[in-house]
Amino acid sequence: MDTSDPKPSDGASPGDPVHGNGSEVLMHMPVDVRSVSLGVLAVLACIVILRWAADVFIPLMIGVMLAYALSPVVDRLVRWRIPAALAAALVMLSLVGGVAVTGYVLEDDAMELIDSLPETARKIGQVLRPSRSSSDSALQKVEKAAAEIERAANDGAAPTPTRGVTRVRVERPSFNIRDHLWIGTIGLATLVGQAVIVLFITFFMLASGDTFRRKLVKIAGPTFSKKKITVQMLDEITALIQRYLLVQVFTSVLVGITTWLVFMWIGLEQAPVWGVLAGVLNMIPYLGAIAVTGGSALVGFVQFGSVEMGLVVGGASFVIQTIEGYLVTPWLTSRAIRMSPVVVFVAVLLFGWLWGVWGLLLGVPIVMVIKAVCERVDDLKPIGELLGA
């Protein structure tokens, strides 16, 4: 009688799926634990470096994004026989000049909006502070009861002061506006310095043309196939980032114009300023819509003097942001970048934790670059498939 182990009768090799009793299927997949461990450590090291060197990576990534956004304009000027450096300088001067002109045109409305902030805070305080003649609310009754209990406990537990012992009272330091002004000045100077760095990075990348592209193709490898894959990868990265930026600009302009027209129809003052704010903050996922909706509702409450009108203004902004965020942008983005909505949300969450507001802006483009690279490397294709739609 043969007592040896049974062998598959269908000619299956040891590495193929082996059928057990019944319908159970066992699949043997070799896993290299060492490679997986090294990959996990490399990812963790990258996260630590990105968080530690955020002051370096944030301006660099913003500059790269601006260079990708403005490169079609520079390429068009270069085709018109304009040197690349001069074309980049003209584009950058036009960008800075456009921002300066927009700020100059909206300066009066913006100053009126800033001047109305103290009045906004005063009226909000009046609404939140109940009148003395009215009966105490349930919350106030609970607060009074808690204060009485605490006072009784302190009186019962306080020991009789002995002779020769000095009681010490710790007082909070007084509010010093100079310290806050100094901190705000330092923050503003840091922001201006980073903006200048971003402009220089963008200019140098635009002026260099396709120099870095040719160098990447050259160092990709000696074979023609590797150079071809590198060119395809760079082309896909460029197309993805430009399509993504085009969607963001289009939706931001659409939200800004719609907000301006709707607020002007309602009668809200400084409607153009709110339109610009809505368009700019629309590029910040989630937080931008919350800021515009809440701020416009408060300003509407102060201007019209009623909570109902504040809710109307905030509700109008909420409807605009909802239609754009849940209908227009997802449809356009899915057609432009072909990424899973779950991956987009996780990218925004991760880079928002790493870099704050700037991470909310840069998270999706960075993941798009990772996806394009993974789809062109054989060992990383499973990751590209996981990131795709």
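Structure's up top.
The following refers to the structure shown. (Residues numbered from 1 in each chain as written. Predicted model: local features only at pLDDT ≥ 70, side-chain atom pairs only at ≥ 80, totals over all residues. Heavy atoms only, no water.)

Attention now goes to the nonpolar core. One finds Ile337, Trp355, Val367 and Met368 to be the most contacted residues of the largest nonpolar core, which totals 31 residues. Residue assignment for this core shows that the elements contributing at least two residues are α2 (54-79), α9 (224-266), α12 (307-337), α13 (341-355) and α14 (357-374). Ignoring sequence-local partners within four residues, the contact set of Met368 consists of Leu240, Ile241, Tyr244, Ile337 and Met339. The next biggest cluster of nonpolar side chains, apart from the first, holds nine residues, and it includes Leu70, Ala87, Ala88 and Leu206. (Core = buried A, V, L, I, M, F, W, Y, C linked by side-chain atoms within 4.5 Å. Buried < 20%, exposed > 50% of the residue type's maximum accessible area, 1.4 Å probe, protein only. Helix = DSSP H or I, 4+ residues; strand = E, 2+ residues; numbered from the N terminus. Contact = heavy atoms within 4.5 Å.)

Evaluated as defined, the whole model comprises one salt bridge. Across the pair Lys371 and Glu375 runs a salt bridge whose closest N-O atoms are separated by 2.9 Å. We classify Lys371 as buried; its relative accessible area is 3%. Residue Glu375 is classed as partly exposed on the basis of its relative accessible area, which comes to 25%. (Salt bridge = Lys/Arg side-chain N within 4 Å of Asp/Glu carboxyl O.)

So, about the packing of aromatic side chains. Applying the stated rule across the entire model yields three aromatic pairs. Put simply, the rings of Phe200, Phe203 and Phe204 touch in pairs and so form one group of aromatic residues. In this structure, Arg51 packs its charged tip against the face of Trp353, placed 4.6 Å from the ring centre. (Phe/Tyr/Trp six-rings, centres within 6.5 Å; stacked < 30°, edge-to-face > 60°. Lys NZ or Arg CZ within 6 Å of the ring centre and 35° of its normal.)

Phi at Arg81 takes a positive value of approximately 70 degrees, unusual for a residue other than glycine. Locating Arg81 in the fold gives a position in the loop between α2 and α3 (84-105). We classify Arg81 as exposed; its relative accessible area is 78%.

Moving on to α9. Compared with the 63 Å implied by 1.5 Å per residue over 43 residues, the 63 Å span of α9 between its first and last C-alpha is a close match. Just past α9, the residue Gly267 takes up positive phi, approximately 105 degrees. (Expected span 1.5 Å × (residues − 1).)

A few words now on a negative patch on the surface. Taken together, the side chains of Glu107, Asp108, Glu112 and Glu269 present a region of like negative charge at the surface. Within the secondary structure, Glu107 is located in helix α4 (residues 107-115). We classify Glu107 as partly exposed; its relative accessible area is 41%. (Patch = residues over 30% accessible without salt bridge, like charges linked within 9 Å, V, L, I, M, F, W, Y side chains within 5 Å. Areas by Shrake-Rupley, 256 points an atom, 1.4 Å probe, with all protein chains shown as cover. Lys, Arg positive; Asp, Glu negative; His and termini not counted. Charge placed at Lys NZ, Arg CZ, Asp CG, Glu CD.)

Honestly, it's all geometry; don't read function into it.
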